[in-house]
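Below are the chains, spelled out letter by letter.
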Amino acid sequence: PAAGGEIVIGAEIFVLDENGLYSFTIRDDSQFTVRGQKNGFLDTREITITPQEETKPRPQSGGGGRAAPSIQSQKTFNPEKALEYLFSQQKEDGSFGEDLYTDWAALAVASFGERPETLRLKTYLEKDKLDGNLLTDYERRAMALLALGINPHNLNGENYIEKIASFFDGKQFGDPKQDNEDIFALIVLLNTGYGPEETIIKNTVSSLLEKQKENGSWDESVDLTSAAIASLANFYSGNLEEES
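A few points on the structure. Since the structure is predicted, the reported quantities are computational estimates derived from the model, not experimental observations. (Residues numbered from 1 in each chain as written. Predicted model: local features only at pLDDT ≥ 70, side-chain atom pairs only at ≥ 80, totals over all residues. Heavy atoms only, no water.)

Let's talk about the overall build of the protein
When helices and strands are tallied, the protein shows nine helices and four strands. Counted from the first residue to the last, the protein has its helices and strands arranged as β-β-β-β-α-α-α-α-α-α-α-α-α. Residues classed as buried in the protein amount to 34% of the 244 residues present. Of the contacts made within the protein by residues no fewer than 6 positions apart, 52% connect residues no fewer than 24 positions apart. (Helix = DSSP H or I, 4+ residues; strand = E, 2+ residues; numbered from the N terminus. Buried < 20%, exposed > 50% of the residue type's maximum accessible area, 1.4 Å probe, protein only. Contact = heavy atoms within 4.5 Å.)

Here's what the structure looks like:
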């Protein structure tokens, strides 16, 4: 979500609502492209969407031997089932217990529209006072708030963006040995008004690039390497095939 931004669907431009969202309905199987744009920010990468009708699984062979597996017969992601479990763990106050679980739950459910359970979670976060005082606590909470369209600059007298920025030492965020702090800081700040040419962003990007190992990873970790790619992709404009 990016309040004040626009979404480009095909050749048409639509303004996002006050929560940085825009909803539309796909009515046929025509292929189309989508990208986001906002003044002062790089455009998102354009994605192409090809709608397809839902098809029923093919019947399994009744003859001898093993039937060749098909995509239709493989198990697929069932978001409704996953959400059903997740919401079954929601507390009466709208939280999911500890701040850690509540924040990650917010990031998970935010993509599936406004449901009663999501609104309860949003109400909880709008009133909750974060218990932790670590940089990663502020970063995780800020990401959760942004996902649900809540202003992280001013919530219950707390400015999470200002808190995060206070950990910047001129080169990077927090503990120099902890790459995740820099990765999450980039994700949050780039979504709350900081531009790619600002010193706090440029120096953090440079610091992260310096920490990339010869094998391409960050800390030999799939988790951190994936997060680093997601945060640094905003600054990559080349072509992978040409670079390799």
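Notes on unusual backbone geometry
In this model, Asn156 sits at a positive phi of 55°, which is unusual for a non-glycine residue. Mapped onto the fold, Asn156 is located in the loop between α4 (135-147) and α5 (160-165).

A closer look at the sheet that holds strand β1 (residues 6-9)
On the basis of which strands lie adjacent, the open sheet formed by four strands has the order β2-β1-β3-β4 and antiparallel pairing. Lying at the two open borders of the sheet, with one neighbouring strand each, are β2 (12-15) and β4 (47-49). Between one strand and the next, the sheet's axes are offset by a mean angle of 25°, whatever the strand orientation. Pairing of β1 with β2 involves four bridges; the strand directions are antiparallel. Across the sheet, residue Glu6 finds its bridge partner in β2, namely Val15. (Pairing = 2+ DSSP bridges. Axes fitted to C-alpha atoms, helices over the stretch in contact; angles between N-to-C directions.)

Comments concerning the nonpolar core
The biggest cluster of nonpolar side chains holds 41 residues, and the ones touching the most others in it are Leu125, Ile164 and Phe173. Mapped by element, the contributors of at least two residues to this core are α1 (79-88), α2 (99-109), α3 (116-127), α4, α5, α6 (179-189), α7 (199-210) and α8 (222-232). With seven residues, α4 is the largest single contributor of residues to this core. Not counting the four nearest positions on each side in its chain, Leu125 is found in contact with Thr102, Asp103, Ala106, Arg141, Leu145, Leu148, Ile150, Leu155 and Asn156. Counting residues in hydrophobic clusters, the runner-up holds five residues, among them Ile7, Leu16, Phe32 and Val34. (Core = buried A, V, L, I, M, F, W, Y, C linked by side-chain atoms within 4.5 Å.)

With respect to the environment of Ile201
Within the secondary structure layout, Ile201 lies in helix α7. Residues Ile201 and Asp182 lie 19 residues apart in sequence; the distance between their C-alpha atoms is 9.7 Å. In this structure, Ile201 is in contact with Leu186, Leu189, Leu190, Tyr194, Gly195, Pro196 and Phe235, ignoring residues within four places of it in sequence.

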